[in-house]
Amino acid sequence: MADVESALALIQRGTEEILLEGSLRKKLESGRPLRIKAGFRSNAPDLHLGHTVLITSFRQFRTRPPGLCS
């Protein structure tokens, strides 16, 4: 349960609102890696500094805790 709480705390950091938090908690408790998608390609030529917030968050998800997302 501590892993779920730490994963949820990581997701909540810098987040304004989480819709369906109960559903997210159930997915974290299942132990399966989350699949996170964005509406842009990370190597697109039209990226700007505003995209770095999401790219940085994706990097945090991939580095810790292990298995949080695929």
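Scope of this entry: the structure provided in the associated data block.

Reading the values: the criteria
- Residues numbered from 1 in each chain as written.
- Predicted model: local features only at pLDDT ≥ 70, side-chain atom pairs only at ≥ 80, totals over all residues.
- Heavy atoms only, no water.
- Helix = DSSP H or I, 4+ residues; strand = E, 2+ residues; numbered from the N terminus.
- Buried < 20%, exposed > 50% of the residue type's maximum accessible area, 1.4 Å probe, protein only.
- Patch = residues over 30% accessible without salt bridge, like charges linked within 9 Å, V, L, I, M, F, W, Y side chains within 5 Å.
- Areas by Shrake-Rupley, 256 points an atom, 1.4 Å probe, with all protein chains shown as cover.
- Salt bridge = Lys/Arg side-chain N within 4 Å of Asp/Glu carboxyl O.
- Lys, Arg positive; Asp, Glu negative; His and termini not counted.
- Charge placed at Lys NZ, Arg CZ, Asp CG, Glu CD.
- Core = buried A, V, L, I, M, F, W, Y, C linked by side-chain atoms within 4.5 Å.
- Contact = heavy atoms within 4.5 Å.

## Side note on the environment of Gly31
For step 1, the next point in the chain: Tracing the sequence through the fold places Gly31 in the loop between helix H2 (21-30) and helix H3 (52-63).
For step 2, the next point in the chain: Take Gly31: its relative accessible area is 57%, and that puts it in the exposed class.

## Here's the deal with a positive patch on the surface
For step 1, the next point in the chain: Taken together, the side chains of Lys27, Arg32, Arg35 and Lys37 define a basic patch exposed on the protein surface.
For step 2, the next point in the chain: Assignment of secondary structure puts Lys27 in helix H2.

## Some points on the nonpolar core
For step 1, the next point in the chain: Counting residues in hydrophobic clusters, the biggest one holds nine residues: Val4, Ala7, Leu8, Leu10, Ile11, Leu24, Leu28, Leu34 and Phe61.
For step 2, the next point in the chain: Contributions of two or more residues to this core are made by helix H1 (2-12) and H2.
For step 3, the next point in the chain: Here this core gets five residues from one element, more than from any other, and that element is H1.
For step 4, the next point in the chain: For Leu24, the contacting residues outside a window of four places in its chain are Leu8, Ile11, Ile18 and Leu34.

## Some words on the pattern of salt bridges
For step 1, the next point in the chain: A full pass over the atoms with the stated rule returns two salt bridges.
For step 2, the next point in the chain: Ionic pairing is found between Arg25 and Glu5, a salt bridge with its closest N-O pair at 2.6 Å. Of this pair, Arg25 sits in helix H2 while Glu5 sits in helix H1; the two residues are 20 residues apart in sequence, bridging distant segments of the chain.
For step 3, the next point in the chain: What makes Glu5 partly exposed here is its relative accessible area of 36%.
For step 4, the next point in the chain: Residue Arg25 pairs with Glu21 through a salt bridge whose shortest N-O separation is 4.0 Å. Taken together, the residues Arg25 and Glu21, both in helix H2 and four residues apart, mark about one turn of the helix.
For step 5, the next point in the chain: When salt bridges with common partners are traced through the structure, they connect Glu5, Glu21 and Arg25 into a single cluster.

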